[in-house]
Structures are given as C-alpha cells and as structure tokens.
Amino acid sequence: MEKECFAFNLKLVLMQRTFVPMGFEDMNMRNGRALSDQWADSVVVRPRTTEQHVKVHKRLVLGFAISILTLIIVTVIALSVSFERCAAESSGTLAGNGSSNKSSQSRDRSISHRVSEDGQQPWRHLRLPATLRPRHYDLRLSVYMDNFTFSGEVNIEFECVNSTKFIVLHTDRLEVTKVLVYSDSKKTGVMRIHRRFYHQPNQVYVIALHREMKPLRTYKINITFEAQIENELLGFFRSSYMLYGERRYLAVTQFSPTHARKAFPCFDEPIYKATFRVSLRHESSYQSLSNMPVETSTSDEDGWVTNHFSRTPRMSTYYLAWAVCNFTYRESKTDNGVVIRLYARPDAIQSGSGDYALHITKRLLQFYQDYFKVKYSLPKLDLLAVPKHPYAAMENWGLSVFVEQKILLDPDVFSFSYQMELTMVVVHEICHQWFGDLVTPVWWEDVWLKEGFANFFEYIGTDFLFPKWNMENQRFLTDVLHEVMLLDGLASSHPISQEVYEATDIDRVFDWIAYKKGAALIRMLANFMGQPVFQRGLNDYLMTHMYGNAARDDLWNKFSEAMQRVGKVINITEVMDRWTLQTGYPVVTISKNDSLVNTVTISQEHFVYDTDAKIRNPQLFNKSFQWQIPLTLKVGNSSHVSRETTIWVCNRTEMHRVGHMDGETWLLGNINQTGYFRVNYDLYNWRLLIQQLMTNPTIIYVGNRAGLIDDVFNLARAGYLPQNIPLQIISYLSQESEFLPWHAASRSLYQLDKLLDRTEDHSLFSDYVLKQVSPKYHKMGWPTTSSDGSFMQAAYHSQELQREVIMLACSFGNKHCHRQAVSLMSDWISSNKNRILPNVRDIVYCTGVSLMDEDVWEFIWMKFHSSTAVSEKKILLEALTCSDNIYLLNRLLNLSLSSDMVPDQDVIDVIIHVARNPLGRHLAWRYFREKWDILNSRYGEALFLNSKLISGVTEFLNTETELNELKDFILTCGGAAAPAFARAVEIVQANVKWRTLFEQQFYQWLRKAPGG
Ligand SMILES: [Zn+2]
C-alpha cells in the first residue's frame, strides 16, 4: 500500500516564502508521497467508538478473568498447545514471533486472552479465536449502481481446529439476513443454530450452535447479507468522475487493513488465508473486475450480467478486490504470457495517459521475477486508475488500484518530479505482488516487513528502469534516510515493530517509521550482507513462505542461513532486534585518540532532538539503548583516501586502530550513508572536513557530502554542535555541482527557515543563504528547452539541480528570479499560450501568484477548473495557496471544504499549503481549529490524512504562546491520546527550545560572518 496520495509538489510551497520565508517541511514533499509530513505519520484514530468499547471490554475481561481464574490454570497448558498447533499449521508463527522478549510477551498475552475466554465468550477477544480456519470462500454479489447498494451471499468452507460451539467472524455495517451452517460429515446436514448476534465492539458476528464442531472436520457456513456502497473511501465504496459533461459512477474496494468485513462476512485477519471465488452481477452497461480473470459470464434477459471469476490462490482477505465501472483499457503482455491491463476513464485511455505505467509495469514484472527468482503468481495483472482513493495506491493481488495522480501521465505535460513520483508508486505496488500478496506478514506489528521492502525496492526497481537516475545511492538518502531520521529522532517515536492488540493500533502501524525506517534498515542490511547473499536470502524466504505468512524472525533466519553458506557467521536476529525493537537510532561519535597513535574512540548514544526528554523520562533512555552498528570508516586528506573498513560497534564506547593519521588527516564514517545512524566528530575533524569540501569536494563521495550536510544541521539543531558549523559547511556549495548535496542543503535550510522566518533578524539568514545560492543560480540560469524521453535520463541530475537552485533563489528572494517568474506568467496570460517548461511550472505559478495581483489568482483558478491533466491541476491548485491576499486564501479554504470544486482528498493539502505560506499560517491554524469537527469526521478514519493535516498546520509553530494554543486545543478536542498530537507537541516544544537556547548564538555568528 502506498501512503498518501495527495502529495503536492513540495517545492511550490517554498515559493510562498518569497517575502517571508517559511516552513521547513517543504522539501520533503519533493518526492510525492508526502514526504511533506515527515513529522507526521500514522492516524489519529477515531476514539469514540473503539476506545470506549475497549474500556468496557477491559472491565468485562477483568471481572471475567477473576471469576474463572482456576479454570484458566487447569486449561492453560492444553489450550496453548492447541493454539500453537493452529499457529504452526497456519504457516509459522502467529501474532508473536521469535526470540525477542517483546514478541514472546506479545504472544503470551495473546494466548492468555484467548485461553481465558475460549469456549466462553470468544467474541469478546480483540482477535478472532483460533478455533476455526477458513479454507475457501464462494462469494456472490449483486451490485446496484442506481441506488448504491449491494446484496451478497457467501459460502465459507472452514476447518475446525479446536472444538467449539461458536463461529466468530468479522462483519461491519452489513445487514445479515440469513445464516445456515452445514456439517460435512458423512450425513451432511444443517446444524441447528442456538442464537446469532452481532458484537459491535469487535466487529464480529457470532453464531452459537447447539452442538460442538469437532477438530479436523470441515464445515460450511452460508450467509446472506445486504449493505450500502459507501460514499467514503473504505470497504466497497463509490466514486465518480465527469465524462463529456456527464457524471459517471464507479464502485471499488479498499480492504486493507480491516475493511473486507464491510463488504462480506469473513475471517478478516491476515493469517487466515484462503482461496476465493468471486461472482459479480450488475447491469450490463458496467463491467466488473476482480483479482482473477473472468472464467465464465452469463447474461440475464433483463440486461444484467454475471461475471464468474476464477479461483484465487491462497491469500489474505485484505488483498481481495473488485470493481464495477465503465472504464476502458490498454493491454500489454509479458514474455511469460501474463496479461497486463491498465483501466481508466475512457478519455484518459484515449489520450494515452496510461501508456507509461503500462509499459513500466511490464518491465517491472520481469525485473522482479528475475531478482526474486520467483514467478508472478497470477495469469493477469490489472491496474485500475480511480479518481478517488484513500492511498496513493493499493497492491491488491492481480487488481492493484491507484489514484489517478499516481498512475496517469499526460504525455504532453509532465515534470521530472511528477514522473519520478509516479514511477516509484508503480514500482512499489508491483513489488508488493511478492512482498505482501504472496508472502504476507503474520500480523500487523510487522507490517514494515512488506512496506519496508516495497519502499526499498522503489529505489532498486527505479534504478532498473532508469539506471542514470542512480536512485538507491542518491535520492534514497534525502527522501528516505534523512526524512525518517527527522521523525525517528523524536522521543515520541516508537519501535518499528510495534505491539498491536487493538483495532485502533492497526491504523497506527502504517506510518513513515514502517515505510521509511523499514526501507533504511533493509538497505543497511543489504549492504553489510552483500547484494548476492541478500538476494539469495530473499529468494529462500519467498520460496519457503509463498502463499503463506511470515514474521520478521522468519526473514532473519533465512538471512542468517544465507550468510552461513558463504562462511560468515552473523546472528542477524540478534543484530536486527536492536534496530527493530528499540525506538530511534544512535549517533556515533568518532574522535581521534590523543594518547594512542592511529587510534580512534568510538561511542554511541540514542539521538534525540529534545535532550530534556532523557531527563524527563529516564526509564525510556536507560542503558539498554544500545545498537550493534556496522560502521564503515575511511581516513583521508587532500591527496589520499584510505580504503573502507567496517567496524562493528557494539559497546557504549570502544577504541579502534585505524590507518595512518597525522594532523591533517580527517575521519569519515558511514560511507555512502548506508547505515541508519548519524555520525559526529570532534570539532577539529569537522574543520578538516569542511576545509576538504572547500578545496576539493569530490574527494568525498557525493552521498557523504549530502550526509555530512544533513548530519551537521541536525546535530546542531539538537545541540550536539555549535550553530555556526552548519552555516560554515554550506559555504562550500558554490563548488558543488551535484544535485544531491544541494538537495540535502535546501531541505535543511527550509527547516531552519521555519524557525526563523518570523524573527526580526530574518534577513540576516536569507541574505546569507542567497549569498551561497546566487553564484550557482546565475551560472545555471533557467531551462530553455524541454527534454524529451531520450534526453531525460542523462539530463536528470543537471535539470533537477537547476530546478533546486531556482527554487532556492526565488524562495529566499533573489530579484532576478522573481522578475523571470513574473515575465513568464505575463507571457502566458497575454498570449494565452503556456510556454512555461513543465519542470519549473510550479515555481513560476507560485511565485507569480505571490507577487502579482488578484487577476493572476483568478486566472490560475480558472485554469484549475478547465485543466484535465492531473499533474497540471495539482500544481495549479497549489499555486492558489501562494497568494499574499488573506481574503483570497480564506475564500480558497472555504470553497475547498464546502463545495465540490476541490476533490475531497485535496482539501487537506490546500489547508496545509495555506499553512506553509507565512502569510497564511495564522489563518490555516485558526481554520483548522474551527473546522476540526468537520475535518475529523470526514478524514478521521482515513489513515494518514488526519495526521498529515495535524503536522501540516502545527509544525511551524515556534513560540510559547503558540505552544499553549496547541495544548489547549488538544485538551478541548479530546485528542490527547492521539500520536499525531503527541508528536506535534514535541515538535513545537523543540522549536521553542531551539529558539530560546540557540537563536541568539545563531544570529551572532551571522552578524560576524565573512561578508554575511
Ligand atoms: Zn505499500
């Protein structure tokens, strides 16, 4: 699943800061999937229903547990044995896994819950009782698009694992009209139902039988039900689009993580894999799709048609999918005969907007087959482009669904960044056909296993498609590593493997920690294992667990085995548990040892921005926070650099001998930034490194140049280094001709700017930045010709660099840059011909709107309505938020929320972008608080949207007053428990603290800076 469909192009935002610079998150949207909400991640869960029920539940459980304590003691052993067997049979471990204390605790708790209630009231447990196991579903649905309802009948064959009278399975919002249970024994017959009822708190439907079902026997349940095709983005939902002036409707599913139960009664946990046969009946004016191809199709006389789809392989419920629409498609076929179709609005198909994604999908299927040495499992793969979706995309097996902006590429107008973002979403979803669909995490606590891999392979797969983009060595650093280390440096972060008990926890695990930290850890692992061994381990893992489930220890074991085969004995579980079960990451400090020659002292500690957190919460930062760190190291000077050595750092402080060092020799750690940690040095070493950058930067690898910049800014922000060091390091930028270090620098500068942009002395900072940027800006100028596809690859880095520099120049107020943008806008308006190159359109539009009068805003607003190209629409909408006219911003906010002029999912981006505009901040912050009830009810359940919104409107707050406003608001809105609010408070606290402690020091240096 790809988070976050609505990624606006971050850079735009920057432009809003033309006069008064602003927020630091902007850069992070660079790559789409909302890098923007780097602080943000998971959901604000809707507390009303679930938490209340959970409380009730806990009381009941407690009372109940006491009353049957004796029974528990007697039965615990027997039941846990049978539970284990079930778990083992359902492929490996359930819920808990492996050797770590935490996971075995989690398993124990899981077992004891079940034990205490099994046979009594199993529906009160948060998880399904492990007494039954589904094998096959026959699902027939009739879909009524005229009134958006559907009726269905499901036949589930299941096996009894432990004797029970109860069938407990999930339903939500379904009206169950009839239930029949059959025993399969020789005298097949209907079993008498004692009673049946819905237990809302756990979204389960319970059928109590008169007599027990017996182990190892199979049974069948037949349930008839009815429900709505919802107007929200979960379960089986509807959306619409305009075609030739007419509104058309479609209905599609989104079941991950827990919404299959909204469409049919099922055992809706990933471990309960089964096969499925789906039949869809609908009016013949529509077509229908599902995971598998249509096997037979029958037509009724009344103009209705029924499609019977082939049986699926064993799979989890949340990957089942179907759609009813009247789209058209383009088709392609792999060498192995897998049919790939891209379905979209007829006009989009006709204009060729789907061709690019179709083309790369074909290549990617082949790439992954070769890489994993495991064939794609299904006969076909459909990609469905829908106008509305809660995520960028969802990897349903054989029927992956994408929001239009992440799969349609208008052949005439697109920018690099749009193309790259879209490419990566496709690469991500195709990877999931293996990591997710074929091998599924046992339980949601290890969701990072699939998301981390898909996120990591975004870069590997894109490198396959476009080798010159060099994604894994370059963009991975800024877009994943730097990004997630910001988030994971908060004391309120959490371990990547999180315990998940309650329904509300499930939403929470889909956050940037799972996606990006997962990817960063996998990259670190791949690097220290070596690529061939890593690949071999993956193959073994997939082959062993295909069509089943796996937990992280299953993967670690395969990796350990792969290492052993090449003669390296490393216990991967032991190493990786430190990284997956502990919060955060270390900062490694390397310093020359004064008393021993050629020796360095290396120490590690948990990196946090708010060092007070360690004092406030000592138990969280006790001595157990230690990592096993594969530290790569080089020593060098202006003429020579040593070979890379790897040191495993396991203790708090260690001494190591390195190559020959003299007074001019610098040390450099974490080569190519393959490790998930920061590196600090003694000040003398920092000076040597800065000197090296000034005289000959290329002697240090480009990834490390970007890494040094990111580390230095963040170490200073957390108080590990004096504030002048980051400012000194960027003065080498005029020597820098590569995109990546510039990109790392601009990300850091925008962050800093957010803390400073409302201070009196702000111009000291912006002038200093412009001084570093302007020589490059004038040297590179503006792009004059658009690149075509063949030119694209080679030019990628230089074009991105040019764009980055233009953006910095315009954002921090370079007059030439402003004039250029205004003249390009004027040309468009007067000629009504848009000759602005796609790569800089967002910059020009935004700068134009911010500098020019109201007519320009109206012009862009009009173009927003008339444009049909999704990428263009997106940047036009963003540009509208760049205005300095509060009245217009207010109008935009109101129109977004209360009319259908702005698509639902874009509303949040509008609010966030208004917040990024320094002149719109107070407006957005106030608007957010006033409209919270509406926003929360509309987006509360859409996993990331709410938290993205919360971080988007609060991250720039940096005064004591604003901090108090935030705290007050959280109290009144009852959001105190929500992780997004906890994070918001910590970020704002850190902002306030930085200003108190360091702002003066920072400006003092700037006042004295050479030419500053
Ligand atoms: Zn994903």
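Calculation criteria
- Starting afresh in each chain, residues are numbered from 1 along the sequence in its written order.
- At least 70 in pLDDT is required for a residue's local features to be given in this predicted model, at least 80 for side-chain atom pairs to be given and counted, and no such filter applies to totals for whole chains, interfaces and linings, which use all residues.
- Neither water nor hydrogens contribute to the side-chain values; these are computed over all heavy atoms in the structure.
- Stacked, tilted and edge-to-face are the three classes applied to pairs of Phe, Tyr and Trp rings, where Trp contributes its six-membered ring and a pair requires centres within 6.5 Å; stacked means planes under 30 degrees apart, edge-to-face means over 60, and tilted covers the rest.
- Numbering of helices and strands runs from the N terminus; a helix is a DSSP stretch of H or I covering at least four residues, while a strand is a stretch of E covering at least two.
- Each residue is assigned to one of three classes by its accessible area relative to the maximum for its type, calculated with a 1.4 Å probe on protein chains only: buried under 20%, partly exposed between the two thresholds, exposed over 50%.
- Whenever Lys or Arg places a side-chain nitrogen within 4 Å of a carboxyl oxygen from Asp or Glu, that contact is recorded as a salt bridge.
- Disulfides are defined as pairs of cysteine sulfur atoms found within 2.5 Å of each other.
- At least two DSSP bridges between two strands are needed for those strands to be called paired.
- To qualify as a nonpolar core, a set must consist of buried Ala, Val, Leu, Ile, Met, Phe, Trp, Tyr and Cys residues joined through side-chain atoms within 4.5 Å.
- Charge counting follows a simple rule: Lys and Arg are positive, Asp and Glu are negative, and His as well as the terminal groups are ignored.
- Here a polar contact is taken to be a pair of N or O atoms separated by no more than 3.5 Å, where protein atoms must pair a possible hydrogen donor with a possible acceptor and residues adjacent in sequence count only if both atoms sit in side chains.
- Throughout, a contact is declared for two residues whenever any of their heavy atoms are within 4.5 Å.
- All axes here are fitted lines through C-alpha atoms, helices being fitted over the stretch that makes contact, and every angle between N-to-C directions spans 0 to 180 degrees.
- Confidence of the predictor in every single residue is expressed as pLDDT, which spans 0 to 100.

## Quick notes on the packing of aromatic side chains
Then, number 1: Taken as a whole and assessed by the stated rule, the structure comprises 71 aromatic pairs.
Then, number 2: Summarising the aromatic geometry, the rings of Phe 435 and Phe 453 are spaced 4.2 Å apart at their centres and angled 15° between planes, so their arrangement reads as stacked. With a gap of 18 residues between them, Phe 435 in the loop between helix 7 (416-432) and strand 21 (439-441) and Phe 453 in helix 8 (residues 447-465) connect regions that are remote in the sequence.
Then, number 3: Residue Phe 435 is classed as buried on the basis of its relative accessible area, which comes to 2%.
Then, number 4: Residue Phe 453 is classed as buried on the basis of its relative accessible area of 1%.

## Some remarks on the pattern of salt bridges
Then, number 1: Across all of its chains, the model carries 45 salt bridges by this definition.
Then, number 2: For Asp 446, the salt bridge is made with Arg 552, and the minimal N-O distance between the two is 2.9 Å. With Asp 446 in the loop between strand 21 and helix 8 and Arg 552 in helix 13 (residues 552-565), this pair connects stretches of sequence that are 106 residues apart.
Then, number 3: For Arg 552, a relative accessible area of 2% puts it in the buried group.
Then, number 4: For the salt bridge of Arg 926 with Glu 930, the shortest nitrogen-to-oxygen distance reads 3.6 Å. Here the residue Arg 926 and the residue Glu 930 both occupy positions in helix 28 (residues 921-930), the gap between them amounting to 4 residues, near one helical turn.
Then, number 5: By relative accessible area, which is 44% here, Arg 926 ends up partly exposed.
Then, number 6: Overall, Glu 930 belongs to the exposed group, its relative accessible area being 55%.
Then, number 7: One salt-bridge network, held together by shared partners, links Asp 540, Lys 558, Glu 561 and Arg 565.

## Regarding the state of the cysteines
Then, number 1: For the structure on display, the rule yields 2 disulfides.
Then, number 2: Between the sulfur atoms of Cys 810 and its disulfide partner Cys 817 the distance amounts to 2.1 Å. Disulfide Cys 810 to Cys 817: torsion about the S-S bond roughly -105°, handedness left-handed.
Then, number 3: Given a relative accessible area of 0%, Cys 810 falls into the buried group.
Then, number 4: Put simply, Cys 846 and Cys 882 are joined by a disulfide, and their sulfur atoms are 1.9 Å apart. Given an S-S torsion of about -105°, the disulfide between Cys 846 and Cys 882 has left-handed geometry. Of this pair, Cys 846 sits in helix 23 (residues 841-851) while Cys 882 is found in the loop between helix 25 (870-880) and helix 26 (886-898), placing the two residues 36 residues apart along the sequence. Cys 882 matches Cys 846 in its accessibility class, with the two residues each being buried.
Then, number 5: Regarding the disulfides, the protein chain carries the connectivity 1-2, 3-4 under sequence-order numbering of its bonded cysteines.

## Considerations on the sheet that holds strand 20 (residues 399-403)
By way of backbone hydrogen bonds, the strands of a sheet pair with one another, either parallel or antiparallel.
Then, number 1: Spatially, 5 strands are ordered 16-17-18-20-19 in an open sheet, and the strand pairing comes out mixed. One side of each edge strand has no neighbouring strand; the edge strands of this open sheet are strand 16 (328-333) and strand 19 (393-394).
Then, number 2: As judged from the 5 bridges shared by strand 18 (residues 380-386) and strand 20, these two strands associate in the parallel manner. Pairing of Ala 385 across the sheet is with Phe 402, part of strand 20.

## Quick word on the nonpolar core
Then, number 1: Judged by nonpolar contacts, the single largest core of 312 residues is most densely connected at Phe 264, Trp 322, Phe 372, Trp 434, Phe 765 and Ile 860.
Then, number 2: Of all hydrophobic cores here, the second largest spans 16 residues; its members include Leu 250, Ala 323, Cys 325 and Phe 327.

## Here's the deal with the side chain of Lys 776
Then, number 1: Examined against the element boundaries, Lys 776 turns out to sit in helix 20 (residues 762-780).
Then, number 2: Comment: no salt bridge for buried Lys 776; closest opposite-charge side chain is Glu 736, at 7.1 Å.
Then, number 3: A distance of 2.9 Å separates the side chain of Lys 776 from the backbone oxygen of Glu 736, its partner in a polar contact.
Then, number 4: Look past the residues within four positions of Lys 776 in its chain and what remains in contact with it is Ser 734, Glu 736, Ser 737, Trp 742, Leu 801 and Val 805.

## What to know about the sheet that holds strand 4 (residues 175-183)
Then, number 1: The strand order 5-4-8-2-1-11-14-13 describes an open sheet built from 8 strands, whose pairing is mixed. Strands with a single pairing partner mark the edges of an open sheet, and in this sheet they are strand 5 (189-191) and strand 13 (294-299). Taken pair by pair, the neighbouring strands of this sheet meet at an average axis angle of 20°, ignoring direction.

## A few points about the confidence of the model for the protein chain
Then, number 1: Overall, the prediction assigns the protein chain a mean pLDDT of 86, with 85% of residues at 70 or greater.
Then, number 2: In the model, residues 5-119 has pLDDT below 50 throughout and makes 347 contacts with residues more than four positions away in sequence or in other chains.

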